[in-house]
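Spelled out, the chains give:
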Amino acid sequence: MDVVVIGAGQAGLSAAYFLKRANLDHVVLDAYVGPGGAWRHRWPTLRMATVHGIHDLPGMPFAEPDPTAPANEVLPAYFADFERRNGIAVERPVRVHAVRDHGGLLRVETDRGAWETKALVNATGTWTRPFLPRYPGQERFQGRQLHSSQYRGPEEFSGQHVIVVGGGTSAVQQLLEIARHATTTWVTRREPEFSDEPFTPELGRTVVAKVEERVRQGLPPRSVVSVTGLSLTPAVREALRTGVLDRRPMFERITEDGVVWPDGTHQRADAIVWATGFRAALDHLAPLHLRTPGGGIQLDGTRVVADPRVHLVGYGPSASTVGATRAGRAAAKEIKESLSRREAA
Ligand code: FAD
């Protein structure tokens, strides 16, 4: 192969589209059974009205969706249509276990055999690596603990007391839903920042530039909310007014039936929802030793500085639908140029 693409979410499909146009011999591998990337697995109450806005896949405008339709149906259908129209034959389900250097080529090892390739586009997103911080006593808690990615809707918490941990958009969205069925406590590490600045293209560029700078230095990327603040939507304003969004600082430890703050205050709880984000799903690249001492992977554009055969798309500054589409195009262009240079040499 000239190129193996791992992942058929927005980033991987965009890369495949541009690799095809560049006439590069490639294969797309994806671990899921059907199209849609991580959108297949978003919680059912995430509606098109509550996602931030979906950028088009290349050459195929995303039609204005029904705002009440679930994102986990609308996006997989859009991706399936894109694959069909563009003749992108994704090999699925194929899970990549490891990518190793193999005499100048890269060997991509999977549960369905191995591929050898000159270049790799890694588009594995973050969904499969939910991040859960450790707190003392966590294992003793008798109630339910779940990560926001396991949330399926608020009804199952009816009549309970639920602690939601996390300062991001998922935390706020799930808290607002749960608070209609249960009593809640919201806990965040840092004081949350709210913003009523509209998400303009200029703000988007500023955010991307800030995350890009970290990645250029080889530091782990930060989440977009840490740069923009939480959007002051009408629902968020109302929740601030009614006290649902009265935030408490992080607790110190977890007990059998709740949590305790450093001043000894105890809050009883039936469930703790950890809306504490994700990490990039890159374990399969470990044999290539791409990480810097800063803990991140240093990129120049989409190209990994430590191994220029490898491109990361949907990572750091390109971890949004707009960023993913653009990164797919950039990776295909850079690979085309570098393979042409290699052939000419
Ligand atoms: P994914 O969609 O996660 O796709 C990764 C693919 O890689 C998957 O199909 C998976 O099967 C595959 N894969 C992973 N590991 C392996 C492996 N080892 N072997 C083989 N295949 C593998 N962005 C926006 O722009 N607008 C929004 O409104 C928005 N809302 C969001 C809401 C939530 C709750 C979350 C968590 C994110 C949201 N984002 C939003 C971010 C956005 O969804 C992603 O940044 C974007 O979809 C990029 O997708 P991706 O292609 O990088 O990854």
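Residue positions within a chain follow its written sequence, with the count starting from 1. In view of the model being predicted, local features appear only for residues whose pLDDT reaches at least 70, and side-chain atom pairs are presented and counted only at 80 or more, with totals across whole chains, interfaces and linings using the full set of residues. By convention in this description, side-chain values take in all heavy atoms of the structure and omit both hydrogens and water.

Observations regarding the overall build of the protein chain
Line of reasoning, step 1. Think of it this way: any DSSP run of H or I at least four residues long counts as a helix, any run of E at least two long counts as a strand, and we number them from the N terminus. Counting its secondary structure elements, the protein chain contains seven helices and 20 strands.
Line of reasoning, step 2. To get the radius of gyration, use the C-alpha atoms; to get the globule rule, take the number of residues to the power 0.38 and multiply by 2.2 Å. Computed over the C-alpha atoms, the radius of gyration of the protein chain is 21 Å, within 12% of the 20 Å expected from 2.2 N^0.38 for a compact globule of 345 residues.
Line of reasoning, step 3. The principal-axis extents of the C-alpha atoms in the protein chain amount to approximately 70 × 45 × 40 Å.
Line of reasoning, step 4. For the exposure calls, accessible area comes from a 1.4 Å probe over protein chains only, and a residue counts as buried if that area is under 20% of its type's maximum, exposed if over 50%, partly exposed in between. Put simply, the protein chain has 345 residues, and 49% of those count as buried.
Line of reasoning, step 5. By definition in these notes, contact holds between two residues if any of their heavy atoms fall within 4.5 Å. For the protein chain, restricting intrachain contacts to residue pairs at least 6 apart in sequence, the fraction spanning at least 24 positions comes to 64%.
Line of reasoning, step 6. To measure how exposed things are, a 1.4 Å probe is used in the Shrake-Rupley method; for residues, cover is taken only from the protein chains shown. As displayed, the protein chain offers around 16700 Å² of accessible surface, 50% of which is attributable to carbon and sulfur atoms.
Line of reasoning, step 7. Positive charges come from Lys and Arg alone, negative charges from Asp and Glu alone, with His and the N- and C-terminal ends not counted. Charge placement uses NZ in Lys and CZ in Arg. For Asp and Glu, CG and CD serve respectively. Taken as two groups, the 42 positive and 38 negative side-chain charges of the protein chain have centres that lie 2 Å from each other.

Description of the sheet that holds strand β4 (residues 96-102)
Line of reasoning, step 1. Here the rule is simple: two strands pair whenever DSSP picks up at least two bridges between them. The three strands are arranged β4-β5-β6 in an open sheet whose pairing can be described as antiparallel. Each edge of the sheet is formed by a strand with only one pairing partner; in this case those strands are β4 and β6 (113-117). The sheet shows a mean angle of 20° between the axes of neighbouring strands, taken without regard to direction.
Line of reasoning, step 2. Pairing geometry for strand β5 (residues 105-110) and β6, over five bridges, is antiparallel. Bridge pairing in β6 links T110 to G113. Axis lines are fitted through C-alpha atoms, for helices just across the contact stretch, and the angle between N-to-C directions can take any value from 0 to 180 degrees.

Some details on the domain arrangement of the protein chain
Line of reasoning, step 1. Segmentation into domains, and thus their bounds, comes from an automatic or database assignment. Here the protein chain is partitioned into domain 1 (3-128 + 279-344) and domain 2 (144-193 + 229-274).
Line of reasoning, step 2. Look at where the C-alpha atoms of domain 1 and domain 2 centre, and you get two points 33 Å apart.
Line of reasoning, step 3. The partner domain 2 presents eleven residues to the nine residues of domain 1 that form the contact.
Line of reasoning, step 4. Put simply, buried area is how much 1.4 Å-probe accessible surface two parts lose in total, over both of them, once they are put together. For the pair domain 1 and domain 2, the summed buried surface comes to about 750 Å²; carbon and sulfur atoms form 52% of the total.
Line of reasoning, step 5. Within this document, salt bridges are pairs made up of a side-chain nitrogen of Lys or Arg and a carboxyl oxygen of Asp or Glu, the two lying within 4 Å of each other. Taken together, domain 1 and domain 2 are joined by zero salt bridges.

Describing the site of the ligand
Line of reasoning, step 1. Here a residue is considered near a molecule or strand provided that any single heavy atom belonging to it is located within 4 Å of it. What surrounds the ligand is a group of 28 residues, the closest being D30, R42, H52, G53 and T321.
Line of reasoning, step 2. Under the rule applied, a polar contact is a pair of N or O atoms within 3.5 Å (in protein, one hydrogen donor and one hydrogen acceptor; residues adjacent in sequence only if both atoms are side-chain atoms). With respect to the ligand, the backbone of Q10 contributes an N or O atom lying 3.0 Å from an oxygen atom.
Line of reasoning, step 3. V96 is positioned with one of its backbone polar atoms (N or O) 2.9 Å from a nitrogen atom of the ligand.
Line of reasoning, step 4. If the ligand stood free it would expose 1000 Å²; the protein chains cover 89% of that surface.
Line of reasoning, step 5. By residue class, the composition of the shell around the ligand is 13 nonpolar, twelve polar and three charged. By the convention adopted, Pro, Cys, Tyr, Trp, Phe, Met, Ile, Leu, Val and Ala count as nonpolar, Lys, Arg, Asp and Glu as charged, and the other residues, Gly among them, as polar.

Some details on a positive patch on the surface
Line of reasoning, step 1. Any residue with relative accessible area above 30% and no salt bridge may belong to a patch, with like charges joined within 9 Å and the nonpolar Val, Leu, Ile, Met, Phe, Trp and Tyr side chains within 5 Å. Together, R189, R190, K210, R222 and R279 give the surface a local cluster of positive charge.
Line of reasoning, step 2. Topologically, R189 is positioned in the loop between β10 (183-187) and β11 (194-195).
Line of reasoning, step 3. The exposed category is assigned to R189, whose relative accessible area is 62%.

Concerning the pattern of salt bridges
Line of reasoning, step 1. Under the counting rule described, the total for this entry stands at 19 salt bridges.
Line of reasoning, step 2. Here R129 ties to D283 by a salt bridge, and the two come within 3.7 Å at their closest N and O atoms. On the criterion of sequence distance, the pair formed by R129 in the loop between β7 (119-122) and β8 (144-147) and D283 in the loop between β17 (271-274) and β18 (299-300) is long-range, its members being 154 residues apart.
Line of reasoning, step 3. For D283, a relative accessible area of 56% translates into the label exposed.
Line of reasoning, step 4. Salt-bridge contacts for D196 lead to R237; the nearest nitrogen and oxygen are separated by 4.0 Å. Of this pair, D196 sits in the loop between β11 and α4 (201-216) while R237 sits in helix α6 (residues 234-242), and the two are 41 residues apart along the sequence.

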